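The lines below spell out each chain.
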Amino acid sequence: MENPKLKGNIMMFVAKTFSGLNQNALRYLLPNWMSAQTGVVLRLGFGTLFFIVYELFVWKKFVLPKWKDALILLLTGLVFVFGYMWSLLEGLSYTTPISSSIFISLQPVFVFIICLIIKTEKATVKKVVGMVLGFGGALLCVLTQHSSDIASHPIKGDLLCLLGAFLFSCYLVTEKRYIPQLGSAMVSALTFGGGAIGSIILVCFTGWDAPVLHQNIFSVPMLVLLFVLLFPTSLSYLLQDFSLKLLSATVVALYSDLILIVSAIASYIIGQDRFSWWQILAIVIMIVSVYLVEVSETTTEKVKN
């Protein structure tokens, strides 16, 4: 494909479609088929092995990082990747996939704020308005969602997902810096490896809880787990890494909006959430927020070119 921007956007579309379905798959598994802590170990452990195998046998362009870069990436995984996945899985144990996705959609806002702080982005009126709307939509979701049989503690779950969105944004900005020199697989192997270390330490204190692993491989719970491990955990992150070579971190983060749309459609179809006008309003606000940031980002790139 000759157009690198188009290629990057197609890969992000596929990656975040998987991520949207991941919200529903994880909500199905949590907490009856596995605990959040055990789920993080499974995802990060499988992801680490996937990227190591990809680096050695598929990519075959092994680049040994300097010890300082390796340490930074391991710590990035330990803090940001592990923190994000734990916050997401723990949050999904208490709230619905749609509410979780609304907070994940704040990723471009957080990326923008981080880039402002490290001076790789400049503030524009559209970006600031988009940022305010984004937080407004998230706040609307928190204030209007109540406990029910499908969301046992929505405020706690929403706040955990909000923390996850911030941590993932920090991960994106850091990853963007190292991918050009080390390659996608090496960066992901190190960050996932660091996250796996953190998740194993946590499970040592909380205990291992994964009834799903005792199911037949063709059972629904096991098939859902395999989907989570193979697609949202491995392939989605690999496509995201490829896209970071072609697109800015802010644009990549903007695709979190697709997670919200896919998860909302799936949730209503399979009954993991109930229709709410407040929730629809929050989704519309989030989409407008992302649109304003994206338009500003596109305008900025045109000026640079």
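The structure under discussion appears in the preceding block.
What counts as what
Residues numbered from 1 in each chain as written. Predicted model: local features only at pLDDT ≥ 70, side-chain atom pairs only at ≥ 80, totals over all residues. Heavy atoms only, no water. Helix = DSSP H or I, 4+ residues; strand = E, 2+ residues; numbered from the N terminus. Buried < 20%, exposed > 50% of the residue type's maximum accessible area, 1.4 Å probe, protein only. Contact = heavy atoms within 4.5 Å. Areas by Shrake-Rupley, 256 points an atom, 1.4 Å probe, with all protein chains shown as cover. Expected span 1.5 Å × (residues − 1). Axes fitted to C-alpha atoms, helices over the stretch in contact; angles between N-to-C directions. Parallel < 35°, antiparallel > 145°, perpendicular 65-115°, else oblique. Left-handed = near helix turned anticlockwise from the far one by under 90°. Nonpolar A, V, L, I, M, F, W, Y, C, P; charged D, E, K, R; others polar. Polar contact = N/O pair within 3.5 Å; in protein donor to acceptor, adjacent residues only side chain to side chain. Core = buried A, V, L, I, M, F, W, Y, C linked by side-chain atoms within 4.5 Å. Phe/Tyr/Trp six-rings, centres within 6.5 Å; stacked < 30°, edge-to-face > 60°.

Asks: What is the right way to look at the overall build of the chain in this model?
Replies: Of regular secondary structure, the chain possesses 12 helices and zero strands. N-terminal to C-terminal, the α/β element order of the chain is α-α-α-α-α-α-α-α-α-α-α-α. Considering the chain as a whole, with its 305 residues, one finds that 56% of them fall into the buried category. Nonlocal contacts in the chain, meaning residues at least 24 apart in sequence, comprise 86% of its contacts between residues at least 6 apart. When the accessible area of the chain is evaluated, it comes to approximately 13800 Å², of which 72% is carbon and sulfur surface.

Asks: Before we go on, may I ask you to explain the side chain of S199 in this structure?
Replies: Position of S199 among the secondary structure elements: in helix α8 (residues 184–206). Classification of S199 by relative accessible area gives buried; the value is 1%.

Asks: Whenever I open this one, helix α11 (residues 256–270) confuses me. Can you help?
Replies: It helps to recall that an α-helix has 3.6 residues per turn; residues three or four apart then point in one direction. The end-to-end C-alpha distance of α11, which contains 15 residues, comes to 21 Å, matching closely the 21 Å that a straight helix rising 1.5 Å per residue would cover. Buried within α11 we find S256, D257, L258, I259, L260, V262, S263, A264, A266 and S267. Of the residues one or two after α11, G271 is the one with positive phi, at around 80 degrees.

Asks: Sorry, what's going on with the packing of helix α1 (residues 4–29) against helix α4 (residues 97–104) here?
Replies: Describing two packed helices takes the angle between their axes plus the distance from one axis to the other. Running from N to C, α1 and α4 point in directions that differ by 135 degrees, and their axes come no closer than 9 Å. By the angle class used here, α1 and α4 are oblique. Here the hand of the crossing between α1 and α4 comes out right-handed. Counting all contacts with α1, which are made through Q23, N24 and R27, the residues of α4 involved are P97, S100, S101 and I104. For the contact of α1 with α4, the per-class residue count stands at two nonpolar, four polar and one charged.

Asks: Whenever I open this one, the side chain of T48 confuses me. Can you help?
Replies: Summarising the element assignment, T48 is placed in helix α2 (residues 36–59). Among the polar contacts listed, one links the side chain of T48 to the backbone nitrogen of G193, at a separation of 3.3 Å. For T48, the contacting residues outside a window of four places in its chain are A189, F192, G193 and A196.

Asks: Explain the nonpolar core to me, please; I cannot follow it from the model alone.
Replies: Note on soluble globular proteins: their nonpolar side chains tend to be buried together. Membership of the largest hydrophobic core comes to 65 residues, with the highest contact counts inside it found for L26, M34, L44, Y84, L89, L225 and Y237. For this core, the element with the most residues is helix α9 (residues 220–244), which contributes 10 residues. In contact with Y84, not counting residues within four places along its chain, are I104, G164, L167, F168 and Y237.

Asks: Can you help me understand the environment of S289 in this one?
Replies: Within the secondary structure, S289 sits in helix α12 (residues 277–304). Spatially, the C-alpha atom of S289 lies 7.5 Å from that of V129, the residues being 160 residues apart in sequence. Beyond its immediate stretch of four places on either side in the chain, S289 contacts V109, G130, M131, L133 and G134.

Asks: How should the packing of aromatic side chains be read in this particular structure?
Replies: Each aromatic ring pair is described using two quantities: the centre-to-centre distance and the angle formed by the ring planes. By the definition in use, this model includes 13 aromatic pairs. For the ring pair F168 and Y237, a centre distance of 6.2 Å and an interplane angle of 75 degrees mean the geometry is edge-to-face. One end of the pair, F168, is in helix α7 (residues 154–182); the other, Y237, is in helix α9, and 69 residues separate them in sequence. Side by side, F168 and Y237 carry an identical accessibility label, which is buried. Where F192 meets Y237, the ring centres are 5.0 Å apart and the plane angle is 85 degrees; that geometry is what we call edge-to-face. Of the two residues, F192 sits in helix α8 while Y237 sits in helix α9, which places them 45 residues apart along the sequence. Of the two residues, F192 and Y237, neither departs from the other in class, the shared state being buried.

Asks: Looking at this structure, I do not really get the packing of α4 against α7. What am I missing?
Replies: Interaxial distance between α4 and α7 falls to 8 Å at its minimum, and their mutual angle equals 35 degrees. With respect to the hand of their crossing, α4 and α7 are arranged in right-handed fashion. Residues S99, S100, F103 and I104 of α4 pack against D158, C161, L162 and A165 of α7. Of the residues assigned to the contact of α4 with α7, the class counts are five nonpolar, two polar and one charged.

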